[in-house]
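# Coordinates in review
Spelled out from the first residue to the last, the chains are:
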Amino acid sequence: MKKLALSLTAVAFSISAATTHAGEVEVLHWWTSGGEAASINVLKGLMEEEGHTWKDFAVAGGAGESAMTVLKSRAISGNPPASAQIKGPTIQEWGDLGFLTNLDDVAKKGDWDVVLPQVVSNTMKHEGHYVAAPVNVHRVNWLWANPEVFRKSGASIPTTWKQFITEADKIKAAGFTPLAHGGQAWQDATLFEAIALEKGAKFYNSAFIGLSDTTLRSEDMIDVFRTFKKVRGYVDSGFSGRDWNIATSMVINGDAAMQIMGDWAKGEFTAAGKKAGIDYVCYPAPGTSEMFTFNIDSLAMFKVKGEDNQKAQQDLARLILEPEFQETFNLNKGSIPARLNMSREKFDTCAHSSMDSFLASSSTGNLLPSMAHGMAASSMVQGAIYDVVTNYFNDESMTPEVAVDKLARAVKASM
Ligand code: GAL
């Protein structure tokens with residue numbers, strides 16, 4: 001009898017502990033590929049260790065277009081999740097609409113203003129207050145290559161887009177697909193952006209941040225479209241609609257030589273047990289070695305009801321910035337920690353190169369927000385650029401001159 005009473009007390013105690021401290025967070029994201037899922041599971045595990053319940057709300061689809069559509073419909077019906085993967089200027093759009101909650105207390109306790117590079121902390125704030133927590137910094141302008149395919153083809157890693165064509169011809173002649181690509185608007189835009197980047201930071205800024213009509217219509221932009229269409233000639237016939245991680249697996253398996261993709265691709269190589277510098281190599285996208293297009297993933301926090309759930313949400317924000325999470329998540333994700341002064345020991349050569357380039361580019365003006373990944377322009381402008389870029393890529397008869405005219409008009413209409 002005494003035993004039963006004791007165990008009942010224990011149960012009652014654990015229930016009350018659970019009800020006073022444990023809450024639930026529903027987290028919307030689009031991290032469903034092998035490397036992405038391994039990464040987000042790190043956070044889920046840490047939250048569960050704190051006693052909280054993690055409600056996973058994964059909406060498949062690279063770069064999150066579908067996830068953002070679902071988020072909008074949930075918000076419109078007055079029921080947004082506690083947290084969502086939202087990035088760059090879109091954080092401001094949600095903040096302006098009054099949906100996001102204030103994280104200043106957690107940020108103050110964790111010294112976020114000190115431990116984060118300014119370019120990161122600025123992005124996380126709305127009207128001077130923290131509303132989102134950064135999980136990483138991705139570099140977008142990367143070329144991933146299978147060294148074995150290059151050897152067999154007698155080709156070298158291209159360092160300019162002009163050379164890309166020469167090397168891609170050799171790879172094609174040897175019977176491989178030169179470029180693994182997935183024909184989805186955001187992947188087309190990722191490739192387009194890497195080609196535009198070769199024209200320099202001034203051009204890139206003026207086109208995608210300044211949205212200058214003159215730059216959008218310039219000879220340089222015509223040339224970017226011209227190269228973009230040439231590169232289109234080196235993808236295989238099955239590219240249309242292909243997911244980005246399937247394209248990465250073509251490089252992993254040795255069917256294709258290269259992929260132009262942000263370093264979430266490294267997450268796929270890692271998940272497949274491949275080693276940087278041995279099984280695969282990473283180089284800056286042709287002609288962009290001095291530049292760094294950044295893409296900061298972050299979880300923005302929505303206003304939620306109930307003290308326990310609010311506590312869970314604040315704990316989530318705290319855990320994200322802790323060194324333990326920043327290290328394990330980024331080892332899986334292929335990105336580098338958003339937090340400064342972390343040990344580099346466990347990271348591979350691609351991550352080291354990204355860390356060096358992040359620092360170097362911040363002092364030369366070559367650290368640039370990725371247009372293709374929602375860091376440079378509003379979602380409206382980004383959508384307008386996506387449409388023109390993808391239509392051009394898929395339309396054999398459209399000339400580069402017509403494309404720049406469409407681009408300039410579409411951007412103007414969406415501003
Ligand atoms: C990006 C996102 C990355 C990555 C990629 C593919 O926009 O920032 O974290 O996962 O999409 O889904």
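Values in this document were obtained by computation on a predicted structure and should not be read as measured data.

## Notes on the overall build of the protein chain
Across its full length, the protein chain carries 20 helices and 14 strands. For 415 residues, the compact-globule estimate of 2.2 N^0.38 gives 22 Å, and the C-alpha radius of gyration of the protein chain, at 23 Å, lies within 12% of that figure. With the principal axes as the frame, the protein chain shows a C-alpha extent of 85 × 45 × 40 Å. When the 415 residues of the protein chain are sorted by exposure, 55% land in the buried category. Across the protein chain, the fraction of contacts at a sequence separation of at least 24, relative to all contacts at a separation of at least 6, is 76%. Surface summary for the protein chain: the accessible area is close to 17,300 Å², and the carbon and sulfur share equals 53%. One way to put it: in the protein chain the 38 positive side-chain charges average out to a point 1 Å from where the 47 negative ones average out.

## Digging into the packing of helix α9 (residues 161–173) against helix α13 (residues 219–232)
Interhelical geometry of α9 versus α13 gives an angle of 15 degrees and a closest axis separation of 11 Å. As summarised for this structure, α9 and α13 are arranged roughly parallel, according to the angle between their axes. In the packing of α9 onto α13, the handedness of the crossing is left-handed. On the side of α9, the interface is formed by W161, F164 and I165, while α13 contributes T227, K230 and V231. Split by residue class, the contact of α9 with α13 holds four nonpolar, one polar and one charged.

## Overview of the pattern of salt bridges
Under the definition given, this model contains 22 salt bridges. A salt bridge links E26 to R74; the nearest nitrogen and oxygen atoms lie 2.8 Å apart. Note that E26 is positioned in strand β1 (residues 24–29) and R74 in helix α3 (residues 65–76), a separation of 48 residues in sequence. In this structure, E148 engages R151 in a salt bridge whose closest nitrogen and oxygen atoms are separated by 2.9 Å. Note that E148 and R151 are positioned in helix α8 (residues 147–153) at a spacing of three residues, about one turn of the helix. According to the relative accessible area criterion, E148 is partly exposed, its value standing at 37%.

## A few points about the site of the ligand
The environment of the ligand is made up of 13 residues, and the closest members are E36, K87, N295, D297 and K333. In this structure, an oxygen atom belonging to the ligand sits 2.9 Å away from a side-chain N or O atom of N295. D297 places a side-chain nitrogen or oxygen 2.5 Å from an oxygen atom of the ligand. Bound to the protein, the ligand loses 100% of the 310 Å² it would expose on its own.

## Regarding the nonpolar core
Ranked by internal contacts, the top residues of the largest apolar core, which has 61 residues, are W112, L316 and I320. No other element matches the six residues that helix α16 (residues 307–321) contributes to this core. In this structure, L316 is in contact with V25, V27, L43, M47, W54, S83 and M301, ignoring residues within four places of it in sequence.

## With respect to unusual backbone geometry
The residue E127 is not glycine, and still its phi comes out positive at about 50 degrees. The class of E127 is exposed, set by a relative accessible area of 65%. Notably, L211 is not glycine yet its phi reads approximately 55 degrees, a positive angle. Looking at the element boundaries, L211 is found in the loop between α11 (201–208) and α12 (213–216).

## Re the sheet that holds strand β12 (residues 292–295)
Spatially, β7-β12-β14 is the arrangement adopted by the three strands of the open sheet, whose pairing is mixed. In the strand order of this sheet, the two ends are held by β7 (138–139) and β14 (367–369), each with one partner. Summarising the sheet, β7 and β12 pair through two bridges and their orientation is antiparallel. Bridge pairing in β12 links H138 to N295. The sheet contacts of helix α18 (residues 349–364) involve β7, β12 and β14, and relative to β12 the element is tilted by about 105 degrees.

## Concerning the pairing of β12
When a strand is regular, its side chains alternate between the sheet's two faces. In β12, alternate side chains face the same way, and those of F292 and F294 on one face and T293 and N295 on the other are all buried. In the sheet, β12 pairs with β14 via three bridges, with the strands oriented parallel. From the neighbouring strand, F294 faces β14, where its bridge partner is P369.

## A closer look at the packing of aromatic side chains
The tally for this structure, following the rule as stated, stands at 22 aromatic pairs. Between W94 and F302, the ring centres sit 5.4 Å apart and the planes meet at 70 degrees, which makes this aromatic pair edge-to-face. Linking W94 in helix α4 (residues 89–96) with F302 in the loop between β13 (298–301) and α16, this pair joins segments that are 208 residues apart in sequence. Between F99 and F302, the ring centres sit 6.1 Å apart and the planes meet at 55 degrees, which makes this aromatic pair tilted. One end of the pair, F99, is in the loop between α4 and α5 (104–109); the other, F302, is in the loop between β13 and α16, and 203 residues separate them in sequence.

What counts, and at which threshold
Residues numbered from 1 in each chain as written. Predicted model: local features only at pLDDT ≥ 70, side-chain atom pairs only at ≥ 80, totals over all residues. Heavy atoms only, no water. Helix = DSSP H or I, 4+ residues; strand = E, 2+ residues; numbered from the N terminus. Rg over C-alpha atoms; globule rule 2.2 N^0.38 Å. Buried < 20%, exposed > 50% of the residue type's maximum accessible area, 1.4 Å probe, protein only. Contact = heavy atoms within 4.5 Å. Areas by Shrake-Rupley, 256 points an atom, 1.4 Å probe, with all protein chains shown as cover. Lys, Arg positive; Asp, Glu negative; His and termini not counted. Charge placed at Lys NZ, Arg CZ, Asp CG, Glu CD. Axes fitted to C-alpha atoms, helices over the stretch in contact; angles between N-to-C directions. Parallel < 35°, antiparallel > 145°, perpendicular 65-115°, else oblique. Left-handed = near helix turned anticlockwise from the far one by under 90°. Nonpolar A, V, L, I, M, F, W, Y, C, P; charged D, E, K, R; others polar. Salt bridge = Lys/Arg side-chain N within 4 Å of Asp/Glu carboxyl O. Near = heavy atom within 4 Å. Polar contact = N/O pair within 3.5 Å; in protein donor to acceptor, adjacent residues only side chain to side chain. Core = buried A, V, L, I, M, F, W, Y, C linked by side-chain atoms within 4.5 Å. Pairing = 2+ DSSP bridges. Phe/Tyr/Trp six-rings, centres within 6.5 Å; stacked < 30°, edge-to-face > 60°.

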